[in-house]
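Structural overview for review
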Amino acid sequence: AGLNIELRNVGNSQAPAGTATLTTESEYVTITNASVDFAALNSNSTVSIDNAFGFTVSDEVPNKTSIDFLVTISSGTETYENHITMKALAPDFKIGNVTIEEIEGNGNGRLDPGERAKLIFQVENKGDANSQAANVTLTMNNIFLQITGEPTVIFNKIDKNEIKNVEYEIYVGGAPSGFAADYTLDVVSGVYTDSKDFSSKIGLNVEDFELGYLDTS
C-alpha cells in the first residue's frame, strides 16, 4: 500500500529541505519505502507527496486491528513527529447452525437409519474484507453417518458480509435408537478459520415419550 502525505510550514520563515521517515512497531506491517525527501518550504506553504511511503500488511492480521505509524520530519536542525493510526480489515468467519433436509426418508425431519439426507450449514464472513479461496470441510466423528460426496467444498472467495450455504449429502447407518452422532465443520482460508461441533440424534429415543395411563375404573 502507498501512503500520501501533506506537509505544511506554519512558521514565519522558510523551512529548510528535509526528510520524512515512516516507522511502526506493528508485527503485521513491513515498510517497503520508509523515507522521502522534500524541498524547502516557504512560510504558510504546503506540499503534497503522493505515495511518499510504502508498506505491506501481513495476511495474518486480525480484522479491525489498529496499526500505529510514526512520521518523523527532519528539516534543518528541527525534528517533528506525527502519529497516524490506521485500521486493518480482514475476513472473519462464523459458522451457523445446521439444517437437516431429508432426500429419502420418512419426512419426520430427523435422521433415521437407512435414510439419505442433506446437512446444510451457513458460513458467514462477518469481517470487513473479502476472503481468498476458502475450504469448508465436514468431518464425521462417528461411524453411522457417511458422507456420500466430497467432504470439502471450495469457494473461490467469500465476500465480506456474505453468507454461503454449504450442503453435504449423507447416508444414515444402522445406529442404535437415540444415538448422538457428532460431526465437525471447519472453514479455512489462509490463517482465517472457524470450527464448530454438532450433534444430531439418530432415530427416536424412548425417553422422548411420556407413558400415559387409561383409567378403566
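These lines cover the structure that appears in this document, whether it is placed above or below. Note that residues are indexed from 1 along each chain, following the sequence as it is written. Owing to the predicted nature of the model, reporting of local features is limited to residues with pLDDT of at least 70; listing and counting of side-chain atom pairs is limited to 80 or more, with chain, interface and lining totals taken over all residues. Values shown for side chains rest on all heavy atoms present in the structure; no hydrogens or waters enter the calculation.

Next up on the list: the overall build of the protein. Looking only at helices and strands, the protein features 0 helices and 15 strands. Both definitions apply: the radius of gyration is a C-alpha atom measure, and the globule rule equals 2.2 Å times residues to the power 0.38. A globule of 217 residues ought to have a C-alpha radius of gyration of about 17 Å, yet the protein, at 30 Å, is considerably larger. The principal-axis extent of the C-alpha atoms belonging to the protein is close to 110 × 45 × 25 Å. Here a residue-residue contact requires only that any non-hydrogen atoms of the pair lie within 4.5 Å. Pairs at least 24 residues apart make up 65% of the contacts formed inside the protein by residues separated by at least 6 positions. Under the convention used here, a 1.4 Å probe and the Shrake-Rupley method define accessible areas, while residue burial counts only the protein chains that appear. Accessible surface, the protein: about 13,000 Å² in total, of which carbon and sulfur atoms supply 45%. Each charge class in the protein was averaged separately, 13 positive and 31 negative side chains, and the resulting centres sit 5 Å apart. Counting from the N terminus, the helices are the DSSP runs of H or I reaching at least four residues and the strands are the DSSP runs of E reaching at least two. Asp and Glu are treated as the negative residues and Lys and Arg as the positive ones, with His and the ends of the chain left uncounted. By convention, charge coordinates are those of NZ in Lys, CZ in Arg, CG in Asp, or CD in Glu.

Our focus in this paragraph is the nonpolar core. Phe-53, Val-123, Leu-145 and Leu-185 are the most contacted members of the largest nonpolar core, which totals 49 residues. With residues up to four places along the chain from it excluded, the contact list for Val-123 reads Phe-93, Lys-94, Ile-95, Val-136, Ile-158, Glu-162, Ile-163, Lys-164, Val-166, Leu-185 and Val-187. Here, nonpolar core refers to any group of buried Ala, Val, Leu, Ile, Met, Phe, Trp, Tyr and Cys residues whose side-chain atoms link them within 4.5 Å. The classification of residues rests on relative accessible area computed with a 1.4 Å probe and restricted to protein chains. Under 20% of the type maximum is buried, over 50% is exposed, and intermediate values are partly exposed.

Time to look at the packing of aromatic side chains. Here a Phe, Tyr or Trp ring, Trp counted by its six-membered ring, pairs with any other such ring whose centre lies within 6.5 Å, and the pair is stacked when the planes are under 30 degrees apart, edge-to-face when over 60, and tilted otherwise. Overall, the coordinates contain 6 aromatic pairs when judged by the stated rule. Measuring from centroid to centroid gives 6.3 Å for Phe-121 and Tyr-183, while their planes differ by 75 degrees, and the two rings are edge-to-face. One end of the pair, Phe-121, is in strand β9 (residues 116-125); the other, Tyr-183, is in strand β14 (residues 179-189), and 62 residues separate them in sequence. A single burial state applies to Phe-121 and to Tyr-183, both of which are buried. Site record: aromatic cluster; members linked through ring pairs are Phe-121, Tyr-168, Tyr-183 and Phe-198.

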